[in-house]
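Coordinate inspection notes
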Amino acid sequence: MLKKIYLLPIILLLISCKKENVVPVLNTSNYFDVLNEEFTGDLAYETTSFVEKYWRVVGNTGFNKSVYKIAEELEKSGFVKEDSATSNDILTYRIEKRPLKNPTWESVDASVKIDGEEVPLLQHSTNRNMIALNSYSTPKKGVKAEVVYVKDLKKIKDLDIKGKIVFAETSPHKIFNQAIVKGGALGLVTYSNPKYLQPQKNTTSIQFRTIPLNEEVKSWAIAMSYKAKEKLKEELLKGKVFLDVHIETNIYPSEELTIVADIKGNKYPKERLVFSAHIQEPGANDNATGVGVALEMATLTAELIKNNIFIPNRTLTFLWGDEIISTNRYVKEDSIRAKDIKWGISLDMVGEDTQKTGGTFLIEKMPDPSAIWTRGKDKHTEWGGRKMKLKEMTPHYLNDFLIDKFKEQGKRANWIVNTNPFEGGSDHVPFLKRNIPSVLFWHFTDQFYHTDNDRIDKVSQKTLKNVGIASLASAYTLLNADSTTAKSILQNIEKAALSRLQEEKKQSEIALKKGDSLSIQLSIISAWKDWYINSTKTTLDVVKDSAKHQDYIKETSKKIDSASSKIIEELKLIRKN
């Protein structure tokens, strides 16, 4: 009853504002209510649809058009170019331009036919990933050559492949030097789709491949679908096979573009949260979705600020560029700026229709002990991750803070939110390497990952909306975090720590029954205890007057330590009995 009375003023305020078509001023009590009304996912989906039309490599036409599309939408919502902004401008953006060391690349057209057959084995109009990145064009009339099937890659050096097309079931990059540079092969046709793509089901999918850019041999490689691979092998069983190959690509000097948008904080403008979304890669979910969600997050925040609905105390930054490279540069090139980056978040593959792609939405955590001892509900994705060491752990409240926020949106929207131990491979890594707390938002497993079937029909506007809402609610809380927020985060840490310790106790009991080492089980409990106790200390980063908060940290740490000590004694007793 008391809870209902407490919520009544908020509910009445929202109803009143809705009737008058006015959005209430944002605060921690209504972030989710307001954002669920205001964040539609329309711009995120529209942008995703625009970007995914292009096969994007840094510096090429599609990449650059995506950058200028972002800039156009930012200007519509009130962002001004940084070089013409005044000190009073809160919303600014810039496009950074740098010459590319190597030329850029883009695919134009291609077809592969078995000599004597009318229907192409592969054609670019339906398999836009068929041309390996950095491939050169064939002569306009194409090339026709005999296919040599290399079953044993170790024997490739002994085969007569000069002037022929090498067919192998491996990555073209792996055999390029031996087959093309040393062996004189005319080109490559390869197949290497991993099992998680379900190639026998998705028979036309091609996962994009790369070969070294070699301006001397100017060769090419074709990546194959399961269907095309099986057809070629079938024909080879009948005798010699000749392929007729036509490839058209563009390789040319260009520049690298990175676009950065800043929403300046009101109280602590040097302190910032950075969302990074990479533009390059050819797919819709990877990563046109990240580009689209980030853009709607930026433009909606701009609207809320212009209407005096939200006033950020810290700066919110959005970065769009070349995966890892742009983020790495952002955190390294300006050491003064970097030291005040408080949080970094990677938006990568964030709009999936999981009914079609498989998997779930995931928060890839900062390195915690689950990346060392992966057990129970914790599991690595098919993408995979190495076993880490204790010295690589990064205790911080960000993991559980974000999990808590995203689970809240999950409950509201009947949306599944899961986590995975740290694996790496996206824009969260450069932040972590500079000791900046960072996580990855993504989906996996995705049966169309990096394939030419990763198109707009695999994207869900509902997912784009859920990710955008949860991301902004989390960001707004952190941007305006103070001692009250820090205390709330401490309470969340305590709850998460006690829950984790109980789960690890359960897993240790199972392990002990199987005869596993007690010392290892005690090490696991101690590692989680230390991780969470050290996480409590990181809440000081949003507290300006730390004296009182230090007492809260000690109190929380004591509870975590006490719980772990009790569990350790119970495990010792189990082993003794």
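Residues numbered from 1 in each chain as written. Predicted model: local features only at pLDDT ≥ 70, side-chain atom pairs only at ≥ 80, totals over all residues. Heavy atoms only, no water.

The protein goes by Carboxypeptidase Q in an unreviewed UniProt entry, where it is assigned to Tenacibaculum larymnensis.

Turning next to the UniProt feature "domain: Peptidase M28" (unreviewed entry) in the protein. As recorded in UniProt, the feature "domain: Peptidase M28" (unreviewed entry) lies at residues 259–472. Counting secondary structure, residues 259–472 comes out at 32% helix and 22% strand; the distance between its end C-alpha atoms is 20 Å. (UniProt positions renumbered as here; feature names shortened; annotations may be inferred. Helix = DSSP H or I, 4+ residues; strand = E, 2+ residues; numbered from the N terminus.)

One open sheet holds the 7 strands; their spatial order is β4-β3-β9-β5-β6-β7-β8, and the pairing between them is mixed. Because the sheet does not close on itself, it has two edges, and the strands there are β4 (122–123) and β8 (221–223). Sheet strands touched by helix α6 (residues 226–236): β3 (104–114), β4, β5 (143–149), β6 (165–168), β7 (187–190) and β9 (242–252). Its angle to β6, the strand with the most contacts, is close to 115°. (Pairing = 2+ DSSP bridges. Contact = heavy atoms within 4.5 Å. Axes fitted to C-alpha atoms, helices over the stretch in contact; angles between N-to-C directions.)

Moving on to the pattern of salt bridges. Any two side chains of opposite charge can pair, on the condition that their charged atoms come close. Applying the stated criterion across every chain, the model contains 41 salt bridges. Between Glu96 and Arg98 there is a salt bridge, with the nearest N and O atoms lying 2.9 Å from each other. Side by side, Glu96 and Arg98 carry an identical accessibility label, which is buried. Note that Asp115 is salt-bridged to Lys144, the shortest N-O span being 3.3 Å. Highlighted residues: Asp115 in the loop between β3 and β4 and Lys144 in strand β5, separated in sequence by 29 residues. (Salt bridge = Lys/Arg side-chain N within 4 Å of Asp/Glu carboxyl O. Buried < 20%, exposed > 50% of the residue type's maximum accessible area, 1.4 Å probe, protein only.)

So, on to the environment of Arg412. Topologically, Arg412 is positioned in helix α11 (residues 398–413). The exposure class of Arg412 is partly exposed, given its relative accessible area of 43%. C-alpha separation for the pair Arg412 and Asn36, spaced 376 residues apart in sequence, amounts to 9.3 Å. Discounting residues that sit within four places of it in the chain, Arg412 has contacts with Phe32, Asp33 and Asn36. Within polar-contact distance, the side chain of Arg412 engages the side chain of Asp33 at 3.2 Å. (Polar contact = N/O pair within 3.5 Å; in protein donor to acceptor, adjacent residues only side chain to side chain.)

To continue, consider unusual backbone geometry. Across the junction of Asp286 and Asn287, the peptide omega takes the value -5°, indicating a cis bond. Within the secondary structure, Asn287 sits in the loop between β11 (268–278) and α7 (288–306). A cis amide bond links Phe444 to the next residue, Thr445, at an omega of -5°. Turning to its location among the elements, Thr445 is positioned in the loop between β16 (438–444) and α13 (461–479). At Glu281, a residue that is not glycine, the phi angle is positive and equals roughly 105°.

Attention shifts here to the packing of aromatic side chains. Here the structure, examined in full by the defined rule, presents 22 aromatic pairs. Ring centres 5.5 Å apart and planes at 80° place the aromatic pair Trp55 and Phe208 in the edge-to-face group. Placement of the pair is Trp55 in the loop between α3 (42–51) and α4 (61–76) and Phe208 in the loop between β7 and β8, with a sequence separation of 153 residues. For Trp55, a relative accessible area of 9% gives the class buried. Ring centres of Phe406 and Trp415 lie 6.1 Å apart, and the angle between their planes is 45°; on these two criteria the pair is classed as tilted. Residue Trp415 is classed as buried on the basis of its relative accessible area of 12%. (Phe/Tyr/Trp six-rings, centres within 6.5 Å; stacked < 30°, edge-to-face > 60°.)

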